[in-house]
Amino acid sequence: MPIKIANELPAHKSLESENIFVMTEDRAMSQDIRPLNILILNLMPTKIETETQILRLLSNSPLQVEVELLQVKSHKSKNTSEEHMLKFYKTFDEICEKKYDGLIVTGAPVENFEFEEVDYWDELCMILDWSKKNVYSTFHICWGAQAALYHHYGIPKYPLEEKLFGVFPHKCLDTYHPLMRGIDDTFYVPHSRHTENRRSDIALVKDLQILSYSEQAGVHLISDMDCRKFFATGHSEYDRETLAKEYFRDINKGLDIKVPFNYFPDNDPNMLPKMCWKGTANLLFTNWLNYFVYQQTPYDLSTL
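Scoring rules and cut-offs
- Residues numbered from 1 in each chain as written.
- Predicted model: local features only at pLDDT ≥ 70, side-chain atom pairs only at ≥ 80, totals over all residues.
- Heavy atoms only, no water.
- Helix = DSSP H or I, 4+ residues; strand = E, 2+ residues; numbered from the N terminus.
- Rg over C-alpha atoms; globule rule 2.2 N^0.38 Å.
- Buried < 20%, exposed > 50% of the residue type's maximum accessible area, 1.4 Å probe, protein only.
- Contact = heavy atoms within 4.5 Å.
- Areas by Shrake-Rupley, 256 points an atom, 1.4 Å probe, with all protein chains shown as cover.
- Salt bridge = Lys/Arg side-chain N within 4 Å of Asp/Glu carboxyl O.
- Disulfide = S-S within 2.5 Å.
- Core = buried A, V, L, I, M, F, W, Y, C linked by side-chain atoms within 4.5 Å.
- Pairing = 2+ DSSP bridges.
- Right-handed = clockwise from strand over helix to strand, strands pointing away.
- Expected span 1.5 Å × (residues − 1).

## Some remarks on the overall build of the protein
Each helix and strand in the protein was counted, giving 10 helices and 12 strands. Its C-alpha atoms give the protein a radius of gyration of 19 Å, near enough to 19 Å, the size a compact globule of 304 residues would have. Here the C-alpha coordinates of the protein stretch approximately 50 × 45 × 40 Å along the principal axes. For the protein, with 304 residues in total, the buried portion stands at 55%. Put simply, 72% of the contacts in the protein that link residues at least 6 apart link residues at least 24 apart. Summed over its atoms, the accessible surface of the protein is roughly 14,400 Å², and 48% of this surface lies on carbon and sulfur atoms.

Written as structure tokens, this is what we have:
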């Protein structure tokens, strides 16, 4: 089934070229079914790339998904044109009276700041609080997950000795949890971060369950007991070359950065990166949409 997006969103052409079923707004209006309403709070600097990555994963289900893009107005994007932001993104004031089946909060390159030092922290906290009554299920990614764990539960983040950078093996800790359905016992996830949440802190919160873990990358997937809030410390949505772009960007800046772990064949940056996380990424987002959004959200969102 298709994903419904704005007619002129740049991701439209990219997804269609991959034979992904994308439905324009005009065509969707002729169908008499209610799509899932998903809001994406995009905090990444590479807005268009992140949009495309997440939309690709949301499209891989038998459900029609209607997507809206949200920005924080307390921060101006430096890497995406103002025209794009005005045309495709809404601010909180424009959507605060609405209700949504699901919300995705992306990561952001602000890990080395204390949470309260981030210029849009107060606005983000307002959105996270709003989501508790106006969104059925929320999926937080990387720094978005760290921010939500801190805001909702007081769980701190800790600096790492060096950047966690590469594609790491993970183990499922609860094979019967619906979010993990179909995922292999050992699976791979890209990580790119300077900070971590610790298993010992999360274990002290009775409302949280750790679903997957990596000996090298640490805690990966976390769920609250009502399965309405999910937290992922890695980037399953990343494309094949996303880590390569980050690596060469930092090399060109003269930064001291290691080759991403388990990414380039033979650790040779001249080789095409191997992609071993695509299946897990598709299952993860499909399971979230199916079991925790579609199956649980009331048909009439006004009753949420």
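Text resumes after the structure shown.
## Side note on the pattern of salt bridges
Side chains that differ in charge, positive against negative, can pair when their charged atoms come close. All chains considered together, the criterion is met by 12 salt bridges. Across the pair Glu-68 and Lys-90 runs a salt bridge whose closest N-O atoms are separated by 2.9 Å. Of this pair, Glu-68 sits in strand S4 (residues 65-70) while Lys-90 sits in strand S5 (residues 89-90), placing them 22 residues apart in sequence. The salt bridge partner of Asp-129 is Lys-132, with a shortest N-O separation of 3.8 Å. In this pair, Asp-129 and Lys-132 both sit in helix H6 (residues 121-134), three residues apart, roughly one turn of the helix. Judged by its relative accessible area of 37%, Asp-129 falls in the partly exposed class.

## Things to note about the state of the cysteines
Applying the stated criterion across every chain yields a total of zero disulfides. Between Cys-96, a free cysteine, and Cys-125, which holds the nearest cysteine sulfur, the sulfur-to-sulfur gap is 17 Å. As a non-bridged cysteine, Cys-227 has Cys-172 as the owner of its nearest cysteine sulfur, 13 Å distant.

## Topic: the side chain of Ser-236
Along the polypeptide, Ser-236 turns up in the loop between strand S12 (229-232) and helix H9 (242-252). Ser-236 has contacts with Leu-57, Val-189, Pro-190, His-220, Trp-277, Ala-281 and Leu-284, leaving out every residue within four places of it along the chain.

## Some words on the nonpolar core
Within the largest apolar cluster, 40 residues are counted, with the highest numbers of intra-cluster contacts made by Leu-58, Ile-104, Phe-139 and Trp-288. Counting residues in each nonpolar core, the second largest holds 36 residues, with Leu-41, Val-72, Ala-108 and Val-205 among its members.

## Quick look at the pairing of strand S6 (residues 100-105)
Looking along a regular strand, one sees the side chains alternate between the two faces of the sheet. Burial runs high along S6: six of the six residues are buried. Relative to S6, strand S3 (residues 36-41) is paired through four bridges, and the arrangement is parallel. When the bridges of S6 are listed, Ile-38 appears paired with Gly-102. Here S6 runs beside strand S7 (residues 135-141); their pairing, made up of five bridges, is parallel. Note on S7: the bridge partner recorded for Gly-102 is Ser-137. The parallel pair S6 and S7, bridged by H6, forms a crossover whose chirality is right-handed.

## Some details on the pairing of S4
The buried fraction of S4 is high, at five of six residues. In this view, the connection linking S3 to its parallel neighbour S4 by way of helix H3 (residues 47-58) has right-handed handedness. Direction of pairing for S4 relative to S5: parallel, over a ladder of two bridges. Paired with Leu-69 across the bridge in S5 is Tyr-89.

## Considerations on H3
Over its 12 residues, H3 runs 16 Å from end to end, which matches the ideal 16 Å to within 8%, given 1.5 Å per residue. Across the 12 residues that make up H3, a large majority, 10, are buried. When we look at burial in H3, the residues that qualify are Lys-47, Thr-50, Glu-51, Thr-52, Gln-53, Ile-54, Leu-55, Arg-56, Leu-57 and Leu-58.

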